[in-house]
Amino acid sequence: MPKTINIYIVYTNELENRITNLNNVIDVFKKLCNKNDIVVITNIIKEPSSKIIDENVNSFNERVDYSKFDDDNEYNQFIETLNTCQISNYEKHRELYKIIKDKDDKSYHMIIEDDILISNNYINNIEELINYLKDDNNDMWDMLFLSLNTINSEDKLVDFRKVYNKLITKCCYFIKPKICEKLYNDTHKYKLSMKYTLSKYIQDNNDLKVYFFNKVTFIEGSKLGIFPSTINNVNYLYFNNEYLDLIKIYNKETIYAEDILKAIELFKQVENIKSSDLNNIIGMIYLKNKNYKEAKQYFITALELHKKNFGYLQKNSIILNNAINVFKYEQDMLDECIKATPKYY
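Here the structure is a predicted model, which is why all the values come from computation and not from measurement.

(A) Structural detail: the sheet that holds strand E8 (residues 210–213). Spatially, the 7 strands line up as an open sheet ordered E2-E1-E3-E7-E5-E8-E6, and their pairing is mixed. What marks the edges here is a single partner per strand, and that holds for strand E2 (39–45) and strand E6 (157–159). With strand direction ignored, the average angle separating the axes of adjacent strands in the sheet is 25°. With 3 bridges connecting them, strand E5 (residues 143–145) and E8 associate as parallel partners. Considered in E8, the bridge of Met143 is made with Val210. Here helix H5 (residues 123–134) sits on the sheet and contacts strand E1 (4–10), strand E3 (108–113), E6, strand E7 (172–175) and E8; the angle it forms with E8, its principal contact strand, is near 140°.

As structure tokens, this is what we get:
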């Protein structure tokens, strides 16, 4: 059995707010592996950065193909013009595939992104994962995801296709070298973000053995609200129960006073996270309730947090646009300006 786990980290230099958590994840995982006589080797992939892509945009544009897939393919709805941050993320994953494809199966190959988190509550689960990897039954998977929601089953590994249609996260997964060569070649042209590219690849290749470990081990921080997304204009917090309940309130046809009270109660439970996405969704609830003053307060806070934590702020960012558009409804200085006597008339 392999005695080495190669970790490949998709990293962005500018995201200094993630360094401490990332180092903690690596340190804890290394200690757990070493305790089980498994060596961990880390490899950091920083390029191409979004800056490099901006400087060489023409060469990257030559590989873009935004034409529709054949027939009425469900992935046509996810075709969009990729921003430089999305292309950077996409190309870093490809660079990892390029490296791993020339390796052998004597070692494990684990890809993680820099927003990964670890919790003391799940240390036993990670040790269980390590013990599972030490066994000789790992031929059953080609890709093994570690950060998906679990199901009520005693199976340690669950067939991905029986539970999921698409990936909700790609922040942590094992992959076999034989898969990486085809994956690297098939992703030369791009029209989807990497998450949807991987989802479609899994769907299109039925012989691919894709599983997920059915215990919570690692968590994607940007899907919990600890970090904002740095590549997407909208960020859905799949792993934050309070956020999911707030979404349910927002999706109601009419938002009543009792809904607002429930939303405030939910928000207070996660307020200490200081998440731009959580502030944004409660701002959206207040806006739909036509309480523009409160909406503006939360939208401005969301924008400030987003900027502080290096969130995605290009022109189609929902957090940026909400903070701008709310001023159409809440203009607290307008009455004073109207009453003021002009200097020249």
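What follows picks up the thread again.
(B) Layout of the packing of helix H10 (residues 276–288) against helix H12 (residues 318–325). Between H10 and H12, the least distance of the axes is 11 Å, while the angle of their chain directions is 40°. Between H10 and H12, the interaxial angle falls into the category oblique. As H10 runs across H12, the sense of the crossing is left-handed. Each of Ser276, Asp277, Asn280 and Met284 in H10 lies in contact with H12, whose residues at this interface are Ile318, Ile319 and Asn322.

(C) View of helix H4 (residues 84–100). An ideal rise of 1.5 Å per residue puts 24 Å on 17 residues; H4 measures up with 24 Å between its terminal C-alpha atoms. When you tally the buried positions in H4, you get 13 out of 17 residues, the bulk of the element. N-capping of H4 is provided by Asn83, with a side-chain oxygen placed 3.0 Å from the backbone N of Cys85.

(D) Here's a closer look at the environment of Ile260. Of note, Ile260 is situated in helix H9 (residues 257–270). For Ile260, a relative accessible area of 10% gives the class buried. Sequence spacing of Ile260 and Tyr201 is 59 residues, and the spatial spacing of their C-alpha atoms is 42 Å. With residues up to four places along the chain from it excluded, the contact list for Ile260 reads Ile255, Ile285, Tyr286 and Asn289.

(E) The nonpolar core, seen in detail. In this structure, Tyr97, Ile111, Met143, Phe145 and Ile175 are the most contacted members of the largest nonpolar core, which totals 39 residues. Elements with a minimum of two residues in this core: E1, H4, E5, E7, helix H6 (177–186), helix H7 (194–204) and E8. A per-element tally of this core places H4 first, with 5 residues. For Tyr97, the contacting residues outside a window of four places in its chain are Ile111, Tyr173, Ile175, Cys180, Leu183, Tyr184, Met194 and Leu198. Judged by nonpolar contacts, the second largest core, of 34 residues, contains Ile7, Leu32, Ile116 and Leu144.

(F) Representation of the environment of Leu208 in the model. Tracing the chain through its elements places Leu208 in the loop between H7 and E8. Overall, Leu208 belongs to the buried group, its relative accessible area being 5%. Counting along the chain gives 67 residues from Leu208 to Trp141, while the straight-line C-alpha distance between them is 8.1 Å. Among all residues touching Leu208, those that are not within four sequence positions of it are Asp142, Met143, Arg161, Ile179, Tyr201 and Ile202.

(G) Representation of the state of the cysteines. If you walk through the whole model with that rule in mind, you get 0 disulfides. With no disulfide partner, Cys33 has as its closest neighbouring cysteine sulfur the one in Cys172, 11 Å distant. Residue classification places Cys33 among the buried positions, given a relative accessible area of 0%. The thiol of Cys85 is not disulfide-bonded; the next cysteine sulfur, from Cys171, is found 18 Å away.

(H) Representation of H7 within the structure. The buried fraction of H7 is high, at 9 of 11 residues. Every buried residue of H7 is accounted for by Met194, Lys195, Tyr196, Thr197, Leu198, Ser199, Lys200, Tyr201 and Ile202. Residues of H7 that are buried in the fold lie against H4, E5, E7, H6 and E8.

Definitions and cut-offs
Residues numbered from 1 in each chain as written. Predicted model: local features only at pLDDT ≥ 70, side-chain atom pairs only at ≥ 80, totals over all residues. Heavy atoms only, no water. Pairing = 2+ DSSP bridges. Helix = DSSP H or I, 4+ residues; strand = E, 2+ residues; numbered from the N terminus. Axes fitted to C-alpha atoms, helices over the stretch in contact; angles between N-to-C directions. Contact = heavy atoms within 4.5 Å. Parallel < 35°, antiparallel > 145°, perpendicular 65-115°, else oblique. Left-handed = near helix turned anticlockwise from the far one by under 90°. Expected span 1.5 Å × (residues − 1). Buried < 20%, exposed > 50% of the residue type's maximum accessible area, 1.4 Å probe, protein only. Polar contact = N/O pair within 3.5 Å; in protein donor to acceptor, adjacent residues only side chain to side chain. Core = buried A, V, L, I, M, F, W, Y, C linked by side-chain atoms within 4.5 Å. Disulfide = S-S within 2.5 Å.

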